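Understanding the architecture of this molecule
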Amino acid sequence: MTDTKKEIIEEDLIPYVEFADNANERTPCVLVLDCSGSMRGEPIKQLNIGLKALEKELKEDIDASSRVQILIIKAFGKSQVDISADWTDAMNFTAPQMEAGGLTPIGFAMETALKKIEAQKSLYDDCGISSKRPWIFIISDGEPTDYDWEKTAKKCREAQENKKVIQEFFVAFAFRQRAELEIVIQVKKRRCKFRNGG
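Residues numbered from 1 in each chain as written. Predicted model: local features only at pLDDT ≥ 70, side-chain atom pairs only at ≥ 80, totals over all residues. Heavy atoms only, no water.

Describing the overall build of the chain
Applied cut-off: Helix numbering and strand numbering both begin at the N terminus, where a helix is a DSSP run of H or I of at least 4 residues and a strand a DSSP run of E of at least 2. Relative accessibility thresholds used throughout: buried, under 20% of the residue-type maximum; exposed, over 50%; partly exposed, between the two (1.4 Å probe, protein chains only). Where accessible areas are quoted, they stem from the Shrake-Rupley method and a 1.4 Å probe; at the residue level, only the protein chains shown are allowed to cover.
Secondary structure assignment for the chain yields 6 helices and 6 strands. Along the chain, from the amino end to the carboxyl end, the secondary structure elements read α-β-α-α-β-β-α-β-α-β-α-β. A total of 198 residues make up the chain; the buried ones form 44% of that total. Here the chain has roughly 10900 Å² of accessible surface; of this, 52% comes from carbon and sulfur atoms.

Structure (C-alpha cells):
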C-alpha cells in the first residue's frame, strides 16, 4: 500500500474513532454565541464564566459526560462565524475563551448550526449510533445584523416544528428595544427564557 493510500484511509477513519470506545446514545448540543462588540466588558466576562461552569457540570455528570456532544459557534465580525469547539464528547470538552468584537451575524450562525447538526446526525447513522433530538442554545444581547436573518429564522421554526431540533433562546443581558424581543419570537415559537443582567 502506498503512503498516499494509507493517509486517505486513515483520514476516512478519523470521524469514527470517537465512537469505537464509546457507543452510547448521543445528545448533540450546539451553543450559538453572540460575541459582537456589544458583548464587551461584563457580558463577555460572564459568558466565559458560564462556559467554564458548563464544562465542569457536564464532566461531573456521569451520563452527560459520555452522551452529550458539544459544538460551539461564535458569531462576530461583519458576517463571520467560527467553530470555536467542534463536536466533542462532554468528557473531553474544554471551554474556549471568547472575545468580543464586530457585528451580530446570528442568522448565519444559526444556519451553520442547522447544517452541522444534519451532518452529525448522518455520521451517527453511518456509525450505528442512536441519538436524541439536538439542542440549540442561542446566547445573545440583541438583534441580528444579517440582512436576510428572517429566512434563517423561518428555517429554525420549521426545524423545530418538524421535531428536528429543540431550541432555547437565552438573552444574556436586557433588550435595548421592544423590537429585539419581537425578533426573538420570530426565531422560535416555544417559551423564551430571559435573564436581565442590567
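A look at the nonpolar core
Quick note on the threshold: Residue types Ala, Val, Leu, Ile, Met, Phe, Trp, Tyr and Cys, when buried and joined through side-chain atoms within 4.5 Å, form a set referred to as a nonpolar core. In what follows, residue pairs with any heavy atoms lying within 4.5 Å of each other are defined as contacts.
With 19 residues, the main nonpolar core has Leu 33 and Ile 72 as its most contacted residues. When residues of this core are traced back to their parent elements, those giving at least two are β1 (27–34), α2 (42–60) and β2 (68–76). Sequence-distant contacts of Ile 72, defined by excluding residues within four places in its chain, comprise Leu 31, Leu 33, Leu 51, Asp 82, Ile 83, Ser 84, Ala 85, Phe 93 and Pro 96.

Regarding the environment of Arg 67
Checked against the element boundaries, Arg 67 lands in helix α3 (residues 62–67). Each C-alpha atom of the pair Arg 67 and Ala 23 lies 9.0 Å from the other, and the pair is 44 residues apart in sequence. Those residues within four positions of Arg 67 in sequence are excluded, and the remaining contacts are Asn 24, Glu 25, Arg 26 and Thr 27.

Details of helix α5 (residues 149–161)
To keep things clear, this is the line we draw: Take the number of residues in a helix, subtract one, and multiply by 1.5 Å to get its expected span. In this description, the arc belongs to the directions extending from the helix axis to the C-beta atoms.
The terminal C-alpha atoms of α5 lie 18 Å apart, and with 13 residues this matches the ideal 18 Å at 1.5 Å per residue to within 8%. By the burial criterion, the buried members of α5 are Trp 149, Thr 152, Ala 153, Cys 156, Ala 159 and Gln 160. Relative to the axis of α5, the buried residues are bounded by an arc of 125 degrees and lie together on one face.

A short note on the side chain of Arg 26
Note the threshold: As used in this structure description, the phrase polar contact means that two N or O atoms lie within 3.5 Å; if the pair is within protein, one of them must be able to donate a hydrogen and the other to accept it, and residues adjacent in sequence are counted only when both atoms belong to side chains.
Within the secondary structure, Arg 26 sits in the loop between α1 (3–20) and β1. Engagement of the side chain of Arg 26 in a polar contact is seen with the backbone oxygen of Asn 22, the distance being 3.0 Å. If sequence neighbours within four positions are ignored, Arg 26 has contacts with Glu 18, Phe 19, Ser 66, Arg 67, Gln 69, Asp 89, Tyr 124, Ile 129, Ser 130, Ser 131 and Lys 132.

Points about the environment of Cys 29
In this structure, Cys 29 sits in strand β1. Residue class for Cys 29 comes out buried when judged on its relative accessible area of 10%. Those residues in contact with Cys 29 that sit more than four places away from it in its chain are Val 68, Gln 69, Ile 70, Leu 71, Trp 87, Trp 135 and Phe 137.

Overview of the pairing of β2
Let me state the cut-off plainly: Only strands joined by at least two bridges in the DSSP assignment are considered to pair.
Within β2, 9 of the 9 residues are buried, leaving the element largely enclosed by the surrounding structure. In β2, alternate side chains face the same way, and those of Val 68, Ile 70, Ile 72, Lys 74 and Phe 76 on one face and Gln 69, Leu 71, Ile 73 and Ala 75 on the other are all buried. Of the pairings in the sheet, the one linking β1 to β2 comprises 8 bridges and is parallel in character. Residue pairing for β2: Val 32 is matched across the bridge by Ile 73. The pairing of β2 with strand β3 (residues 80–89) spans 7 bridges and is antiparallel. The residue bridging Gln 69 from the neighbouring strand is Asp 89, located in β3. Linkage of β2 to β3, two consecutive antiparallel strands, is achieved through a turn of 3 residues, within which Gly 77 is found at a positive phi near 65 degrees.

A closer look at the packing of aromatic side chains
The line we're drawing: Pairing of aromatic side chains here covers Phe, Tyr and the six-membered ring of Trp, requires ring centres within 6.5 Å, and sorts the geometry by plane angle: under 30 degrees stacked, over 60 edge-to-face, intermediate tilted. Geometrically, a lysine NZ or arginine CZ counts as sitting over a ring once it is within 6 Å of the ring centre and also within 35 degrees of the ring normal.
Applying the stated criterion to the full structure yields 1 aromatic pair. A centroid spacing of 5.5 Å and a plane angle of 5 degrees characterise the contact between Trp 135 and Phe 137, whose relative ring orientation is stacked. Lys 74 extends its terminal NZ or CZ atom over the ring of Phe 76, reaching a point 4.5 Å from the ring centre.

Here's the deal with the pattern of salt bridges
Filter applied, for reference: Each salt bridge in this description consists of a side-chain nitrogen of Lys or Arg and a carboxyl oxygen of Asp or Glu lying within 4 Å of one another.
Under the criterion given, the structure shown has 8 salt bridges. Across the salt bridge formed by Lys 56 and Glu 60, the nearest N and O atoms sit 2.9 Å from each other. Taken together, the residues span about one helical turn, with Lys 56 and Glu 60 both in helix α2 at a distance of 4 residues. For Glu 60, a relative accessible area of 51% translates into the label exposed. With a shortest N-O distance of 3.9 Å, Lys 121 and Glu 118 are connected by a salt bridge. Remark: Glu 118 and Lys 121 occur in helix α4 (residues 106–127); sequence separation between them is 3 residues, near one turn of the helix.

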